[in-house]
Amino acid sequence: MMENKVALTFSDNIVCLAGFEYGKEEFLKQAKDKLNPDKEFYVEFPPQIVSVASSFVNGFFEEFVEKVGLSAVEKRIHILGSEEGMEKDIRDKLIFGYSEGPY
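We now turn to the structure provided with this report. Being a predicted model, the structure only gives us computed values, none of them experimental.

So, how was this worked out
- Residues numbered from 1 in each chain as written.
- Predicted model: local features only at pLDDT ≥ 70, side-chain atom pairs only at ≥ 80, totals over all residues.
- Heavy atoms only, no water.
- Pairing = 2+ DSSP bridges.
- Helix = DSSP H or I, 4+ residues; strand = E, 2+ residues; numbered from the N terminus.
- Axes fitted to C-alpha atoms, helices over the stretch in contact; angles between N-to-C directions.
- Contact = heavy atoms within 4.5 Å.
- Buried < 20%, exposed > 50% of the residue type's maximum accessible area, 1.4 Å probe, protein only.
- Polar contact = N/O pair within 3.5 Å; in protein donor to acceptor, adjacent residues only side chain to side chain.
- Expected span 1.5 Å × (residues − 1).
- Bend = angle between axes of the 7 residues up to and from the residue.

Attention shifts here to the sheet that holds strand β1 (residues 5-7). What holds strands together in a sheet is hydrogen bonding between their backbones, with the strands either parallel or antiparallel. Taken together, 3 strands build an open sheet; the order of strands is β1-β3-β5 and the sheet is parallel. Only two strands of the sheet have a single neighbouring strand rather than two, namely β1 and β5 (77-80). Here the strands of the sheet are splayed against their neighbours by 15° on average, with no regard to which way each runs. Relative to β5, strand β3 (residues 41-44) runs parallel, the two being bridged by 4 bridges. The residue of β5 that forms the bridge with E44 is L80. With respect to the sheet, helix α2 (residues 54-68) is in contact with β3 and β5, its orientation differing from that of β3 by roughly 170°.

And the structure:
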């Protein structure tokens, strides 16, 4: 079993995630107490999630970026999901979102 991992859950009818505040809310509900940003961590998205907007990504990871910095999050994060390329997509959105400034 992987340590420092959270398997996110969403209603089966939700296939796309968007919204900075929604990302923050889901982080607080599902991940904050389960992940340690000081070491490698894993975030698993359920199979029905096919798209994650940059606003959700930046809201979800905001607290970790503020705590350990974007570079550290970028090095430690692992994204698990059924969509091919999801990890790269989420990394790119995280990096771009914070290089452009928070929403």
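That shown, we press on.
This part takes up the side chain of N58. Inspection of the secondary structure puts N58 in helix α2. The buried category is assigned to N58, whose relative accessible area is 1%. Engagement of the side chain of N58 in a polar contact is seen with the backbone oxygen of S54, the distance being 2.8 Å.

With respect to the helices and strands, the residue E26 is situated in helix α1 (residues 20-31). Taking relative accessible area as the criterion, E26 reaches 4% and is therefore assigned buried. Discounting residues that sit within four places of it in the chain, E26 has contacts with F10, A31, F56 and F60. Within the structure, the side chain of E26 is placed 3.2 Å from the side chain of K29, a separation counted as a polar contact.

As a further point, take the pairing of β3. Both β1 and β3 contribute to a ladder of 3 bridges, which runs parallel. Of the residues in β3, the one forming a bridge with V6 is V43.

It is worth spelling out α2 at this point. The terminal C-alpha atoms of α2, which comprises 15 residues, lie 20 Å apart, in line with the 21 Å expected from a rise of 1.5 Å per residue. A bend of about 50° at F61 is the largest found in α2. Of all the positions in α2, only S55, F56, V57, N58, G59, F60, F61, E62, F64 and V65 are classed as buried. Positive backbone phi, at 95°, marks G69, one or two positions downstream of α2.

Scope: geometric values only; no functional claims are made or implied.
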